[in-house]
Amino acid sequence: MEQVLIKLTVNGREEDVRVSPHKTLLEVLRDDLSLTGAKNGCEDGSCGTCTVLLDGAAVRSCLLLAMEAQGHEIVTIEGLSDGQNMSPLQEIFVNQGAVQCGFCSPGMILTAKALLDSASSPTETEIREAISGNLCRCTGYTKIVEAVMAASGQPVPVRTHPYEGDVSERAAS
Amino acid sequence: MTDFSVVGKRRPRLDTIPRALGEAKFSADLGLPGMVYGKVLRSPYPHARILNIDTSQAERLPGVKAIITSKDVMPYKWGVFAYTRDQQLLPLDKTRYLGEEVAAVAAVDEDTAAEAAALIRVEWEPLPYVIDPLAALEEGAPLVHEDKPGNVSVRIFVDEGDVDNAMADAYLVDEGEFTSPEENYCMLEPYAVVANYESTGVDIWCPNAGPHMKARPISNALGIPTSMVRVRKVHIGGHHGGRSEVSPADFMAALLSKKARRPVKLVYTREENMNCVRQVHGARTWVRAGVTKEGKLVGLDFKLIMDGGAYASTGPIAASVAYQMIEETYAMPNLRYEAIRAYTNKPPRGMYPHHPRTTYGGLEMVLDALAEKLGMDPMELRLRNSVYEGYVTPTKTVISSCGQIETIQRAAEKAGWKEKYGKLPPGRGIGMSSSACLIGFPMGIRGGSGAFVRFNEDGDATVISGVVDNGQGNDAMIAAIAAEELGLPIEAIKVVTADTSMTPSDQGAYSQASTILSGGAVKAAAADAKRQLFDVAADLLEANKEDLVARDGKIFIKGSPEKSVSLAKAARTALGRDKAILGRGDRWPKGDHKREWVSNPRGQLASAFSYGTAIAEVEVDMETGRVKLLNMTAAHDCGYPINPLSVEQQMHRSALEAGPAGVMLERHAWTAAGQNINANFTDYWFPLATDVPNIETIIVTTNDKFGPFGAKEGGLSISIAMIGAVANAIRNAIGTTVHDFPMTPDVVLRAIEARNESESGSTTHE
């Protein structure tokens, strides 16, 4: 199939890519731009692991042709950090234990970012609804919901166990 | 309180940072120079003889670099046990399920490979097939394997004590029959392999539950020494029991690479991952339980039929674990258990934490029915029948540390059991269940784990272990254990894991053995390295090495931290004296090696047992049968938490997989022609964030003597316990037992209607 030259704005950079017109944004991000943070978990839009931001909205890059993404600002998980230091949202996900195997994490974090950019303190129900298109098999979603609550400055349950007494001691000192 | 500086402390998992950054490379993310792409041709029939395969047209397609068929393979059959070798990794004679591998192509891109695969002409002779396990066991059923009469893949029979007498003498006996279709592992990462075959050997990156467990069968199938197969470290997107064995994909990618003389990447679609790797057994369980007037269990009696699909896989283990977990949960002298695992023309089935849900969930509902008839709180019934430290099961396994009673009490307290049970409004229900989980059973010469610890010039340590991290945090777990033992901050530990050319053999992430065996080996290796450091430090500190301790990067005389030498200095001093600090350790399961799943199910089964209690609360819409899960509470005896955060994570994972997924939503469906019709995330109902309530967790500690720092395993007991908890909550809400999993609205509604009919005394037949 004949290839066409397209211009994509990804993580603030202009990228010229020669692609077959039937290629999805996900394929081009992964195969042509080496941005493998976006995952291919189902290729039919049902798992959310390929989520990227398109003009700030969370979209499934497997359901969008690369050509359609021209003229829009695309942000992938790689665009949230400088590669060395995590963004505050990524750090909260790690600290709250919201990342386990990590296959859903890029999509989950970007979905959370889109939510937090549009709602300053989402309720638990709003968070669950926002991430309901992002499947996760490891976390039971509990710690993800807590991470998003924490990221929006809302209180989350502090869990300690009897033998963790020194944790609160340290916090008190 | 134990004075640890690293273990037992809640801390973020450092291994999750690359995953949050998006830089973690999973198998499908990898690329090598000159790499080509694979596609698999699969059987369109549930059972068919391969008469001829013609690849000539496909070979002529531009861009095709290699095609493999059964002509390219040796007659090697994979089996977990010597007596279960039944799976040719590319079948020679016939295919046994719809979707089984027939041929594979490598080409310059995936589209070309797919086009070429479609050009391969296979001459088929469709054979009679059987997809229902009960039909498969009937006389005259089509044989899935000609040498397996009656389609019996595995039969497990255990008969300890005298069950018939016990039931005859019991004050009350109740029974039930429960059914369940197949479930799917649903690991988020679809199966993917990169293989690079060169004259010196083959490098393979793929999701796995134990790289050493893969290398051996791959080398056998390829006919090369195991040392020539290097299964390499890679990020893995979940295991859940479904990455346990060698996959035909590993073998096909390696063979394609050999033939194409280029690296090959083979990535499965979601459908292939759900249908052609492994599924979870479908099952039918009949269970009978007898109790005394005081609610003491006198005996349990089980009959199971499990749908094993086309190959044996982990069959002997899969068909056994349920009775084992149950006899390690409830003390009772008489146990009879018969499980028949049938071959059918469906995808092969492997291990899963809570399968068969019919056995665990069925028993728990029968126990609640008995408690009701006795007028006894179900919690009291479980307390009265709990096993305890030193208890010997009917099949002669001794229970070591056991925190089951504490898990029951603390879960009940947290969930408000006493305030809620029997006092909830109509349509609401609460349920409880407990379970043991076995940890670290003997697996012969590959059943143990080895580890090395070495020091770098700056005093940081590198830990080398065969343990694999599937996402559960095993890398962070061994780092914490090494840090604690060596007296280093965790940031000073670098781990090298899961690479068969570099790391010592490890049993793999099976039987929840990673902490107790891999972690135990790392602790031993760290202790060995520390002894070597103390030899040097004793000199520097002018002290006896027996009096030394290491903590926070320093070595000092116990009780006198003011005079110390850093580990870094001790390590460098050793190097200056021509001595490298190299620690080694290994750890093997504690069990009776003569015990065998089929032929000798007696003796010490495993190294330790974790314990868990789950409580769930539901609301059922009595008009529609729809169940809303209101909350889940889980208490787990992990021995001692290496990192409490990780233990909570594992409990959360288990609760999701068992409650919302296992009881309420998940099932595979089939056409009469043997086609799986929901091998995708749209039609297979994976629980969403909106289906799952908050999960409360409680960590119970028992400080197991065998486990490193007293640790056992992270949270798998909850995978089993939450099945019974949610099933019993639904039972409690609707006032009758539901017999079919998953308990979708139609199933629940049928149970409600059946109850209404029996209460009104009407009959369904007019």
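Note that the structure is predicted; figures quoted are calculated from it, not measured. (Residues numbered from 1 in each chain as written. Chains lettered and ligands numbered in written order. Predicted model: local features only at pLDDT ≥ 70, side-chain atom pairs only at ≥ 80, totals over all residues.)

Caption draft 1: Structural detail: the overall build of chain B. In terms of regular secondary structure, chain B is built from 20 helices and 30 strands. The C-alpha atoms of chain B give a radius of gyration of 27 Å, which matches the 27 Å a tight globule of 766 residues would have. The principal-axis extent of the C-alpha atoms belonging to chain B is close to 95 × 75 × 45 Å. When burial is assessed residue by residue, chain B has 63% of its 766 residues classed as buried. Within chain B, counting contacts between residues at least 6 apart in sequence, those at least 24 apart form 81% of the total. (Helix = DSSP H or I, 4+ residues; strand = E, 2+ residues; numbered from the N terminus. Rg over C-alpha atoms; globule rule 2.2 N^0.38 Å. Buried ≥ 20, exposed ≤ 12 C-beta atoms within 10 Å, placed from the backbone. Contact = placed C-beta atoms within 7 Å.)

Caption draft 2: Representation of the overall build of chain A within the structure. Within chain A one finds six helices and five strands. Secondary structure elements of chain A occur, N-terminal to C-terminal, as β-β-α-β-β-β-α-α-α-α-α. Dimensions of chain A along its principal axes, counting C-alpha atoms only, are 65 × 30 × 30 Å. Put simply, of all contacts in chain A between residues at least 6 apart along the chain, 55% involve residues at least 24 apart.

Caption draft 3: Structural context of the pairing of strand S17 (residues 297-309) of chain B. All names here are of chain B. Counting buried positions along S17 gives 12 out of 13 residues, so the element sits mostly inside the fold. Taken together, strand S16 (residues 282-291) and the strand that follows it, S17, pair antiparallel across an intervening segment of five residues, in which glycine 295 is found at a positive phi of about 85°. Where S17 and strand S18 (residues 334-343) come together, 10 bridges link them in parallel fashion. Paired with isoleucine 305 across the two strands is isoleucine 340, which belongs to S18. (Pairing = 2+ DSSP bridges.)

Caption draft 4: Broad picture of the domain arrangement of chain A. Residues and elements named next belong to chain A. Taken domain by domain, chain A comprises domain 1 (4-80) and domain 2 (88-151). Relative placement of domain 1 and domain 2: their C-alpha centres are 21 Å apart. Domain 1 puts 16 residues into the contact, and the matching count from domain 2 is 15 residues. At the level of elements, strand S3 (51-54) and strand S4 (57-60) are the ones that each hand at least two residues to the side of domain 1 that touches domain 2. Per-class residue counts for the side of domain 1 that touches domain 2 are nine nonpolar, six polar and one charged. (Domains from an automatic or database assignment. Nonpolar A, V, L, I, M, F, W, Y, C, P; charged D, E, K, R; others polar.)

Caption draft 5: A look at the sheet that holds strand S28 (residues 608-620) of chain B. Residues and elements named next belong to chain B. Spatial strand order, S20-S28-S29-S30: four strands in an open sheet with mixed pairing. Every other strand in the sheet has two partners, leaving strand S20 (428-439) and strand S30 (695-701) as the edge strands with one partner each. Taking each pair of neighbouring strands and ignoring which way they run, the sheet shows an average axis angle of 15°. For S20 and S28, the ladder comprises 12 bridges, and the chain directions are antiparallel. Among the inter-strand pairings, serine 433 is bridged to a residue of S28, identified as alanine 614. (Axes fitted to C-alpha atoms, helices over the stretch in contact; angles between N-to-C directions.)

Caption draft 6: Examining the interface of chain A and chain B more closely. Of the residues lining the interface, 47 residues belong to chain A; the matching set on chain B comes to 52 residues. Taken together, the elements giving at least two residues each to the side of chain A that touches chain B come down to helix H2 (88-95), helix H3 (105-118), helix H4 (124-130), helix H5 (142-151) and helix H6 (165-172) of chain A. The element best represented in the side of chain A that touches chain B is H2 of chain A, accounting for four residues. In terms of residue class, the side of chain A that touches chain B is built from 18 nonpolar, 20 polar and nine charged.

Caption draft 7: Geometry of helix H20 (residues 745-760) of chain B. Residues and elements named next belong to chain B. Helix length check: H20 (16 residues) gives 22 Å between terminal C-alpha atoms against 22 Å at 1.5 Å per residue, within 8%. All of the buried residues in H20 are Val747, Val748, Ala751 and Ile752. When H20 is viewed along its axis, its buried side chains cluster within an angular range of 140° and face the same direction. Summarising the geometry of H20, the exposed residues directed more than 90 degrees from the buried face are Asp746, Glu757 and Ser760. For H20, the elements touching its buried residues are S28, strand S29 (627-639) and helix H19 (717-734). Once H20 ends, the next one or two residues include glycine 761, with phi positive near 80°. (Expected span 1.5 Å × (residues − 1). Arc of directions from axis to C-beta.)

Caption draft 8: View of the packing of helix H12 (residues 378-385) of chain B against helix H13 (residues 404-415) of chain B. Residue and element names in this part refer to chain B. Axis separation between H12 and H13 bottoms out at 9 Å; the angle between their running directions is 160°. Between H12 and H13, the interaxial angle falls into the category roughly antiparallel. As for the relative orientation of H12 and H13, their crossing is left-handed in sense. Of the residues in H13, those in contact with Met379, Arg382 and Leu383 of H12 are Ile405, Ile408 and Ala412. (Parallel < 35°, antiparallel > 145°, perpendicular 65-115°, else oblique. Left-handed = near helix turned anticlockwise from the far one by under 90°.)

Caption draft 9: Structural context of the sheet that holds strand S12 (residues 201-205) of chain B. All names here are of chain B. With respect to topology, seven strands assemble into an open sheet ordered S3-S7-S1-S14-S11-S12-S13, the strand pairing being mixed. The outermost strands of the open sheet, each flanked by one partner alone, are strand S3 (64-68) and strand S13 (229-231). Direction aside, the axes of adjacent strands within the sheet are offset by 20° on average. Relative to strand S14 (residues 264-267), strand S11 (residues 192-198) runs antiparallel, the two sharing four bridges. The residue of S14 that forms the bridge with valine 194 is lysine 265.

Caption draft 10: Seen up close, the domain arrangement of chain B. Residues and elements named next belong to chain B. According to the domain assignment, chain B contains domain 1 (14-23 + 447-587), domain 2 (31-127 + 187-239 + 243-276) and domain 3 (279-442 + 594-760). The gap between the C-alpha centroids of domain 1 and domain 3 is 37 Å. Here the element with the most residues in the side of domain 1 that touches domain 3 is helix H16 (residues 514-541); it accounts for six residues.

Caption draft 11: Here's a closer look at the nonpolar core. Residues and elements named next belong to chain B. Formed by 304 residues in total, the largest nonpolar core has its most connected members in Met252, Val463, Ala482, Ala614, Met722, Val726 and Ile730. Among the elements that line this core, the one with the most residues is H16, at 13 residues. Methionine 722 has contacts with Ala614, Ala616, Met632, Ala634, Ser654, Ala655, Ala658 and Gly659, leaving out every residue within four places of it along the chain. (Core = buried A, V, L, I, M, F, W, Y, C linked by C-beta atoms within 7 Å.)

Caption draft 12: View of the environment of methionine 379 of chain B. Relative to the assigned elements, methionine 379 of chain B resides in helix H12. Overall, the presence of 20 C-beta atoms within 10 Å leaves methionine 379 of chain B in the buried class.

Caption draft 13: Structural detail: unusual backbone geometry. All names here are of chain B. Residue proline 356 follows histidine 355 across a cis peptide bond; omega there is -5°. Residue position: proline 356 is located in the loop between strand S19 (349-350) and helix H11 (357-374). Between phenylalanine 741 and the following residue, proline 742, the backbone shows a cis peptide bond with an omega angle of -10°. One can find proline 742 in the loop between H19 and H20. Although it is not a glycine, glutamate 542 sits at a positive phi angle of roughly 50°. Structurally, glutamate 542 is set in the loop between H16 and strand S24 (548-551). Here glutamate 542 falls in the exposed class, since 8 other C-beta atoms lie within 10 Å of it. Its identity as a non-glycine residue notwithstanding, aspartate 578 has a phi of 60°, on the positive side. Along the chain, aspartate 578 turns up in the loop between helix H17 (567-576) and strand S27 (582-587). The exposed category is assigned to aspartate 578, around which 6 C-beta atoms lie within 10 Å.

Caption draft 14: Fine view of the pairing of S3 of chain A. Residue and element names in this part refer to chain A. Sheet topology places S3 next to S4; four bridges connect them, and they run antiparallel. The partner of leucine 54 across the bridge, within S4, is alanine 57. Inspection of the sheet shows S3 paired to strand S5 (residues 73-75) by two bridges, in the antiparallel sense. Across the sheet, residue leucine 54 finds its bridge partner in S5, namely isoleucine 74.

Caption draft 15: Up close: the confidence of the model for chain A. Confidence in the prediction of chain A, expressed as mean pLDDT, is 92, and 91% of residues score 70 or more. Every residue in residues 165-173 of chain A is under pLDDT 50, and counting partners more than four places away or in other chains gives four contacts. (pLDDT = per-residue confidence, 0-100.)

Caption draft 16: Summary view of H12 of chain B. Residues and elements named next belong to chain B. Among all positions of H12, only Pro378, Met379, Leu381 and Arg382 are buried. Each buried residue of H12 lies within a common arc of 160° when the element is viewed along its axis, so the set occupies one face. The inward-facing, buried residues of H12 abut H11, H13, helix H14 (417-420) and S20.

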